[in-house]
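Each chain, letter by letter, is given below.
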Amino acid sequence: MSLLDIQGLGKSFRGLKALHDVDISVEEGEIVGIIGANGAGKTTLFNCITGAFPPDAGTVELDGRDITGAAMHTLAASGMVRTFQLMRPFHSMTAWENVTIAVQSRGVRPERAARREAGELIERTGLTDWAAMVSGSLPTAVQKRLELTRALAMRPRILLLDEVLAGLVPSERAPVLELLGELRTNEGMSMLFIEHIMAAVRQLSDRVVMMDQGAVLARGSVDEVLSDPRVVEAYLGKEYGNAA
Ligand SMILES: Nc1ncnc2c1ncn2[C@@H]1O[C@H](COP(=O)(O)OP(=O)(O)OP(=O)(O)O)[C@@H](O)[C@H]1O
Ligand SMILES: [Mg+2]
């Protein structure tokens with residue numbers, strides 16, 4: 001049984017088929033990369049998986065339980081946490097407060113214990129220098145790391161990452177990639193990650209799914225998918241130059 005099993009997922013917006021008959025599975029400890037051009041339906045897929053809006057068709061199972069359309073806090077309690085392409089920290093709070101709230105969402109009490117755990121996590125993700133700053137004032141790269149730190153504070157079994165590396169320069173990407181690899185190796189964390197940066201897709205993915213116009217166009221190993229002529233035609237041909 002797969003940890004995450006998505007079958008026949010469909011979603012339309014006023015006639016536009018943003019998702020059509022999408023099947024994707026993620027095994028325990030596996031990292032699956034999702035690639036595809038702008039507007040391919042990648043974020044919509046995450047929105048349908050994580051209850052932002054219900055799919056029109058299909059099912060989502062987590063660990064064999066039907067979670068189709070379940071709310072995000074229910075999913076977090078079941079071990080699935082996502083990050084957003086557009087970040088959503090509480091901007092007027094400090095980074096540390098934001099992470100503390102995420103720790104508390106797991107039921108950690110008292111506040112002192114939650115703050116301590118948040119501090120340890122912040123150290124691990126390299127945010128110590130920024131911890132006392134108001135989140136809204138942090139540079140993009142740091143806000144992205146904060147978004148990831150908040151997600152990790154919820155102790156996911158499976159993490160859904162929507163372009164966590166976007167807006168980061170290569171020197172900022174490396175530590176994030178290293179952290180994600182380490183979470184897989186040391187904690188067996190599973191991930192489904194949307195990414196346009198092909199070097200990252202190559203480095204992290206056990207398998208890749210390529211989406212095009214709301215449907216899965218290709219799937220398989222990294223090498224299979226990235227060298228698939230249909231993928232090159234529909235996506236990489238245009239973008240590989242600047243994405244690699
Ligand atoms: N809430 C919404 N209402 C109406 N249309 C939407 C909504 N969300 C997404 N869409 C449309 O669905 C399609 C897929 O969008 P989506 O954001 O999922 O693409 P994406 O693959 O994440 O693209 P990008 O790489 O640019 O982030 C697009 O045509 C988009 O305009
Ligand atoms: Mg998107």
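Residues numbered from 1 in each chain as written. Chains lettered and ligands numbered in written order. Predicted model: local features only at pLDDT ≥ 70, side-chain atom pairs only at ≥ 80, totals over all residues. Heavy atoms only, no water.

Participant: Give a detailed account of the overall build of the chain, specifying residues and quantitative values.
Facilitator: Counting its secondary structure elements, the chain contains nine helices and 10 strands. Over its C-alpha trace the chain gives a radius of gyration of 18 Å, about what one expects of a compact globule, namely 18 Å for 244 residues. With the principal axes as the frame, the chain shows a C-alpha extent of 50 × 40 × 35 Å. Across the 244 residues of the chain, 51% fall into the buried class. Long-range contacts, defined here as pairs at least 24 residues apart, represent 66% of the contacts in the chain between residues at least 6 apart. Distance between charge centroids for the chain: 5 Å, based on 25 positive and 31 negative side chains. (Helix = DSSP H or I, 4+ residues; strand = E, 2+ residues; numbered from the N terminus. Rg over C-alpha atoms; globule rule 2.2 N^0.38 Å. Buried < 20%, exposed > 50% of the residue type's maximum accessible area, 1.4 Å probe, protein only. Contact = heavy atoms within 4.5 Å. Lys, Arg positive; Asp, Glu negative; His and termini not counted. Charge placed at Lys NZ, Arg CZ, Asp CG, Glu CD.)

Participant: Outline the layout of surface pockets, supporting the account with residue identities and numerical values.
Facilitator: What the largest pocket holds in volume is close to 440 Å³. Contributing to the lining of the largest pocket are 19 residues, with Met72, Ala76, Val81, Ser105 and Met154 lying nearest its centre. At four residues, helix H2 (residues 72–78) tops the list of elements feeding residues into the lining of the largest pocket. Class assignment of the residues belonging to the lining of the largest pocket gives a composition of 11 nonpolar, three polar and five charged. Two domains each donate at least three residues to the lining of the largest pocket, and these are domain 1 (4–79 + 157–243) and domain 2 (90–155). Roughly 190 Å³ of volume is contained in the second largest pocket. At the level of secondary structure, the elements contributing two or more residues to the lining of the second largest pocket comprise helix H4 (111–124), helix H5 (140–153) and helix H6 (170–187). (1 Å grid on protein atoms, 1.4 Å probe; cavity = no way out; pocket = protein on both sides within 12 Å on 5 of 7 lines; lining within 4 Å. Points joined across faces, edges and corners; volume = space filled by probe spheres on them. Nonpolar A, V, L, I, M, F, W, Y, C, P; charged D, E, K, R; others polar. Domains from an automatic or database assignment.)

Participant: Now, about the site of ligand 1: what can you tell me, with residues and values included?
Facilitator: For ligand 1, the set of nearby residues contains 14 residues, the closest of which are Asn38, Gly39, Lys42, Thr43 and Thr44. The separation between an oxygen atom of ligand 1 and a polar side-chain atom of Thr43 is 2.8 Å. Contacts to ligand 1 include Thr44, whose side-chain N or O atom sits 2.6 Å from an oxygen atom. Relative to its unbound accessible area of 640 Å², ligand 1 is 66% covered by the protein chains. Contributions of two or more residues to the shell around ligand 1 are made by strand S2 (16–26) and helix H1 (42–49). Taken together, the residues of the shell around ligand 1 sort by class into five nonpolar, seven polar and two charged. (Near = heavy atom within 4 Å. Polar contact = N/O pair within 3.5 Å; in protein donor to acceptor, adjacent residues only side chain to side chain. Areas by Shrake-Rupley, 256 points an atom, 1.4 Å probe, with all protein chains shown as cover.)

Participant: So, the pairing of S2: which residues are in play, and what are the values?
Facilitator: Bridging between strand S1 (residues 4–13) and S2 involves seven bridges; their strand directions are antiparallel. For Ile6, the partnering residue across the bridge sits in S2 and is Ile24. The hairpin turn running from S1 into S2, its antiparallel successor, is two residues long, and Arg14 in that turn takes a positive phi close to 40 degrees. (Pairing = 2+ DSSP bridges.)

Participant: Quick rundown of the nonpolar core? Include the residues and the values.
Facilitator: Of all hydrophobic cores here, the largest spans 51 residues; its most connected members are Ile35, Leu159 and Leu180. When residues in this core are grouped by element, the largest group, seven residues, is from H5. There are two domains that each give this core at least three residues, and those are domain 1 (4–79 + 157–243) and domain 2 (90–155). Ranked by size, the runner-up nonpolar core spans 27 residues in total, among them Leu19, Cys48, Val60 and Val209. (Core = buried A, V, L, I, M, F, W, Y, C linked by side-chain atoms within 4.5 Å.)

Participant: So, the packing of aromatic side chains: which residues are in play, and what are the values?
Facilitator: Applying the stated criterion across every chain, the model contains one aromatic pair. Ring centres 5.5 Å apart and planes at 85 degrees place the aromatic pair Phe13 and Phe53 in the edge-to-face group. Separated by 40 residues along the polypeptide, Phe13 in strand S1 and Phe53 in the loop between H1 and strand S4 (57–62) bring together distant segments of the chain. Overall, the relative accessible area of 22% leaves Phe53 in the partly exposed class. (Phe/Tyr/Trp six-rings, centres within 6.5 Å; stacked < 30°, edge-to-face > 60°.)

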